[in-house]
Amino acid sequence: MKAVVYRGPFQVAVEEVPEPRLEADTDAILEVELAAICGSDLHIHHGKIAGVLPGTILGHEFVGRIVEKGPLVPFALGERVVGSFQVACGDCPACRKGLFFACLRGGVYGFGLALGNLQGAQAERVRVPFARQSLFPIGDLPAEEAILAGDILTTAYGGVRPFLAPGMSVAVVGSGPVGLLAQMVAHALGAGPVFAIDPEASRLEKARELGSLPINPQAEDPFGRVRQATEGLGADPVVEAVGGEGEALKTALKLAAPGGVVSSLGVPTAEQLDYPWLPAFSRGITLRSALANIPRYIAEVLALQRVGRLKGRFVFSHRLPLAEAAEGYRLFHERKATKVALVP
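Residues numbered from 1 in each chain as written. Predicted model: local features only at pLDDT ≥ 70, side-chain atom pairs only at ≥ 80, totals over all residues. Heavy atoms only, no water.

Q: Teacher, can you tell me more about the overall build of the protein chain here?
A: From N to C terminus, the protein chain includes twelve helices and 17 strands. Scaling as 2.2 N^0.38, a compact globule of 344 residues should have a C-alpha radius of gyration of about 20 Å, and the protein chain matches this with 20 Å. Each of the 344 residues in the protein chain was classed as buried or not, and the buried ones make up 53%. Accessible surface computed for the protein chain: about 14700 Å², of which carbon and sulfur atoms make up 53%. Distance between charge centres in the protein chain, computed from 33 positive and 35 negative side chains, equals 4 Å. (Helix = DSSP H or I, 4+ residues; strand = E, 2+ residues; numbered from the N terminus. Rg over C-alpha atoms; globule rule 2.2 N^0.38 Å. Buried < 20%, exposed > 50% of the residue type's maximum accessible area, 1.4 Å probe, protein only. Areas by Shrake-Rupley, 256 points an atom, 1.4 Å probe, with all protein chains shown as cover. Lys, Arg positive; Asp, Glu negative; His and termini not counted. Charge placed at Lys NZ, Arg CZ, Asp CG, Glu CD.)

Take a look at the structure:
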């Protein structure tokens, strides 16, 4: 079959690879209907994720139909499903606590040795371990909507929903795909003003279209603007949707109101951060940061998608055949794409 394979920093190729096979009674094989290139795939593309070896099949966002399954998989052959990017067994102590991101037997597709050494889903077919806990029926939902539930939309939802009460002021640092979806979730769940902080005019325009209040930190002081609009307090919660070296997180911490929560969703590339401990301590700021807990929230997200409360396909800028995946990575790297759909 054809698949997108990592060949080293800034090198991906579509190659012929062996077909995936069932390895356990809990496995399923999917024929991929749609895969996607995610912003976190760029970290691999840039060679910043240790343990991703040349020859690894990339990709962790996908929808498809079940074409093979083990006897312990409760879905029907031919059923359309979305895969959680996060594989969780459902039975280990972490999973029993609902901490699926910390599953002792799980992993992430295409992220190498440190995260389960699972082959990815930018391919014609993919093996899904622990399918009962890692796949979710989507019925007739459009593929471009359903695929978002398996990663970035549920990431955004899980980073907003636990900390938001109706009417709260929300600030989102970063208006890339995850940041925009976090804003959409905040609006759908009844937030008060939602501030979108990003230096790119095109992203801020998309934020404005969602009903958010755009702030360009290169043109105005975001801290003064948010505090002026919140009686001097700041926002609660604040969502950090950039990751990287940690500058966005520093901004998020400054924007937070006393007693507020900073919810960090961006994938970090720095192992350490110069944390403003004393200011955070004196203002009672809570920092929440973890891999998204997809199996915990995906059912709620799919329910809201089915009734049209969450519509996120606008984050896709390109739809390419799988054979042109390298072009998709190039566009993403050059910031000419926001999110790329790949059609096997």
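Q: Before we go on, may I ask you to explain the packing of helix α8 (residues 222-229) against helix α9 (residues 247-255) in this structure?
A: The relative placement of two packed helices comes down to the angle between their axes together with the axis-to-axis distance. Packing of α8 against α9 leaves a shortest axis separation of 10 Å and a crossing angle of 30°. Judged on the interaxial angle alone, α9 and α8 are roughly parallel. As α8 runs across α9, the sense of the crossing is right-handed. In this structure, α8 contributes P222, F223, V226 and R227 to the contact, and α9 contributes T251, K254 and L255. Of the residues that constitute the contact of α8 with α9, the class distribution is four nonpolar, one polar and two charged. (Axes fitted to C-alpha atoms, helices over the stretch in contact; angles between N-to-C directions. Parallel < 35°, antiparallel > 145°, perpendicular 65-115°, else oblique. Left-handed = near helix turned anticlockwise from the far one by under 90°. Contact = heavy atoms within 4.5 Å. Nonpolar A, V, L, I, M, F, W, Y, C, P; charged D, E, K, R; others polar.)

Q: Hey, could you run me through the packing of aromatic side chains in this one?
A: In this description, a pair of aromatic rings is defined by centroid distance and the angle of the planes. A complete count under the given rule lists two aromatic pairs for this structure. Arranged with centres 5.2 Å apart and planes meeting at 90°, the rings of F62 and Y109 form a pair that is edge-to-face. Of this pair, F62 sits in strand β4 (residues 61-69) while Y109 sits in the loop between β7 (107-108) and β8 (125-128), placing them 47 residues apart in sequence. By the burial criterion, F62 is buried, and Y109 matches it. (Phe/Tyr/Trp six-rings, centres within 6.5 Å; stacked < 30°, edge-to-face > 60°.)

Q: Just checking my understanding: could you explain the environment of L53 for this structure?
A: As for its placement among the helices and strands, L53 is situated in the loop between α1 (39-45) and β4. Each C-alpha atom, one on L53 and one on V5, is 9.9 Å from the other, the two residues being 48 residues apart in sequence. Apart from residues no more than four positions distant in its own chain, L53 is found in contact with Y6 and L113.

Q: Just to check I follow, could you spell out the side chain of E61 for this structure?
A: Checked against the element boundaries, E61 lands in strand β4. Separated by 2.7 Å, the side chains of E61 and K339 make a polar contact. If we ignore the near neighbours within four places in the chain, the residues touching E61 are L34, A35, A36, I37, C38, I147, D151, I152 and K339. (Polar contact = N/O pair within 3.5 Å; in protein donor to acceptor, adjacent residues only side chain to side chain.)

Q: How should I be thinking about unusual backbone geometry in this particular structure?
A: Most of the time, phi is negative for any residue but glycine, and the peptide bond is trans. A cis geometry characterises the amide bond from D236 onward to P237, with omega recorded as 5°. Note that P237 resides in the loop between α8 and β13 (238-240). The backbone phi angle of N117 is positive, close to 55°, even though this residue is not glycine. By the element assignment, N117 lies in the loop between β7 and β8.

Q: Any chance you could explain the nonpolar core here in plain terms?
A: What tends to happen in soluble globular proteins is that the nonpolar side chains get buried as a cluster. In terms of nonpolar packing, the biggest core is built from 89 residues, with L30, F62, L135 and L310 touching the most fellow members. Not counting residues within four places of it along the chain, the set of residues in contact with L310 comprises E145, L153, Y157, M184, V185, A188, V301, L304 and Q305. Counting 17 residues, the second largest nonpolar core, distinct from the first, contains A171, V238, A248 and A252. (Core = buried A, V, L, I, M, F, W, Y, C linked by side-chain atoms within 4.5 Å.)

Q: Help me understand the sheet that holds strand β10 (residues 170-173), please; the structure alone is not making it clear to me.
A: The strands making up a sheet are joined through hydrogen bonds of the backbone, oriented either antiparallel or parallel. Sheet architecture is open: six strands sit in the order β12-β11-β10-β13-β14-β15, paired in parallel fashion. Only two strands of the sheet have a single neighbouring strand rather than two, namely β12 (213-215) and β15 (286-289). The sheet shows a mean angle of 20° between the axes of neighbouring strands, direction not considered. Where β10 lies against strand β11 (residues 194-197), four bridges are found, and the strand directions are parallel. By the bridge assignment, V172 is partnered in β11 with A196. (Pairing = 2+ DSSP bridges.)

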